[in-house]
Structures are given as C-alpha cells and as structure tokens.
Amino acid sequence: MVATSLDQHDVVIKNYQDAKSNLESLRKLGATIMHGVDATRMKLYPDLQRRKFDRVIYNFPHAGFHGKEDQAHMIK
Ligand SMILES: C[S@@+](CC[C@H](N)C(=O)[O-])C[C@H]1O[C@@H](n2cnc3c(N)ncnc32)[C@H](O)[C@@H]1O
C-alpha cells in the first residue's frame, strides 16, 4: 500500500492530531508513505510510475467552498 498526501509531512502532523500515530502504524504495516504528492499528477513521481495499483482511494476530497462546508448543498 502507498499512502500519500498533498501536504508535506510537517503540515500533516500539525493539522491532524492522530497523524503521527497513524503514519507510524502504516509504516509498521509496511506501507510506503509519500508526502507532497499531487494526485492529479501521479505520473510525474518516479516512485509511483514503477508501481501498478488495483485501487486508488481518494479520501474526502473537495474543491473548495463558499459559506459553511458542512451544509448539504456544499457537500454535494
Ligand atoms: C477535506 S480534506 C480531507 C482530509 C482527510 N482525508 C480527511 O478525511 O480528514 C481534502 C484533502 O484533499 C487533499 N487534496 C486536494 N487536492 C489534492 C490533490 N490534487 N492531490 C492530492 N490531495 C489533494 C487536501 O490536501 C486535503 O488533505
């Protein structure tokens, strides 16, 4: 498994309180962890070019919002 984030490692640790332990768990399970990866430009990363994936999961993306992000029409 390859786990990536667009944010750099220090930003991930700062923004998500469980990030440090989650990353440690992923490492122990043998996952490859990469930061600073733009999911729309995966072919540009040599470490990703050499791999084949059967699933790509993009957790809870959103394209920005106006107003409150928890409003149903904004989530839609
Ligand atoms: C609403 S947040 C969700 C964060 C986290 N997955 C969660 O569920 O709490 C959306 C995430 O999408 C990421 N993101 C936005 N555009 C991206 C892109 N082009 N490539 C990779 N990640 C991107 C942002 O960095 C952000 O972490």
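Just so you know, the residues in each chain are numbered from 1, in the order the chain's sequence is written. A pLDDT threshold of at least 70 governs which residues receive local features in this predicted model, and a stricter bar of 80 or more applies before side-chain atom pairs are shown or counted, although totals over entire chains, interfaces and linings include all residues. Derived side-chain values reflect all non-hydrogen atoms in the structure, with water molecules and hydrogen atoms excluded from consideration.

1. Focus: the overall build of the chain
Here's step 1: Strands here mean DSSP runs of E at least two residues long; helices mean DSSP runs of H or I at least four residues long; both are numbered from the N terminus. Helices and strands together make up the secondary structure of the chain, namely four helices and two strands.
Here's step 2: When the helices and strands of the chain are placed in sequence order, the string is β-α-α-β-α-α.
Here's step 3: Taken over C-alpha atoms, the radius of gyration is set against a globule rule of 2.2 Å times the number of residues to the power 0.38. By the compact-globule yardstick of 11 Å for 76 residues, the chain is too spread out, its C-alpha radius of gyration being 15 Å.
Here's step 4: With respect to the principal axes defined by its C-alpha atoms, the chain has extents near 40 × 30 × 20 Å.

2. What to know about the pattern of salt bridges
Here's step 1: Salt bridge criterion: a side-chain nitrogen from Lys or Arg within 4 Å of a carboxyl oxygen from Asp or Glu. Following the criterion strictly, the structure yields three salt bridges and no others.
Here's step 2: We note a salt bridge from E24 to R27, for which the minimum N-O separation is 3.7 Å. Of this pair, E24 and R27 both sit in helix α2 (residues 19-28), three residues apart, which is roughly one turn of the helix.
Here's step 3: Residue classification places E24 among the partly exposed positions, given a relative accessible area of 35%.
Here's step 4: The residue D54 makes a salt bridge to R55 at a minimum N-O spacing of 3.9 Å. Neither residue differs from the other here; D54 and R55 are each classed as exposed. Relative accessibility thresholds used throughout: buried, under 20% of the residue-type maximum; exposed, over 50%; partly exposed, between the two (1.4 Å probe, protein chains only).

3. Description of the site of the ligand
Here's step 1: Here a residue is near a molecule or strand as soon as one of its heavy atoms is found within 4 Å of it. Close to the ligand lie ten residues, the nearest being D38, A39, Y58, N59 and F60.
Here's step 2: In this structure, D38 approaches the ligand through a side-chain N or O atom, which is 2.8 Å from a nitrogen atom.
Here's step 3: Accessible surface area values rest on a Shrake-Rupley calculation with a 1.4 Å probe, where residue burial reflects the displayed protein chains alone. Contact with the protein chains hides 65% of the accessible area of the ligand, taken as 590 Å² for the molecule alone.
Here's step 4: Residues are grouped as follows: Ala, Val, Leu, Ile, Met, Phe, Trp, Tyr, Cys and Pro are nonpolar; Asp, Glu, Lys and Arg are charged; all remaining types, including Gly, are polar. Residues belonging to the shell around the ligand are distributed by class as follows: six nonpolar, three polar and one charged. Any N or O atom pair separated by 3.5 Å or less is treated as a polar contact, with the protein-specific requirement of one donor-capable and one acceptor-capable atom, and with residues adjacent in sequence counted only for side-chain atom pairs.

4. Some details on the confidence of the model for the chain
Here's step 1: Predictor confidence is given residue by residue as pLDDT, running from a minimum of 0 to a maximum of 100. Across the chain, pLDDT averages 90, with 97% of residues at or above 70.
Here's step 2: Put simply, helix α4 (residues 72-75) is where the chain has its lowest mean pLDDT, 80, and α2 is where it has its highest, 98.

5. Thoughts on the environment of K68
Here's step 1: Tracing the backbone through its elements, the reader meets K68 in the loop between α3 (46-49) and α4.
Here's step 2: Its relative accessible area of 56% is what places K68 among the exposed residues.
Here's step 3: Put simply, K68 and V37 are 31 residues apart on the chain and 27 Å apart in space, counted from C-alpha to C-alpha.

6. Remarks on the environment of K14
Here's step 1: Here K14 lies in helix α1 (residues 9-15).
Here's step 2: Exposure remark for K14: the relative accessible area of 72% places this residue in the exposed category.

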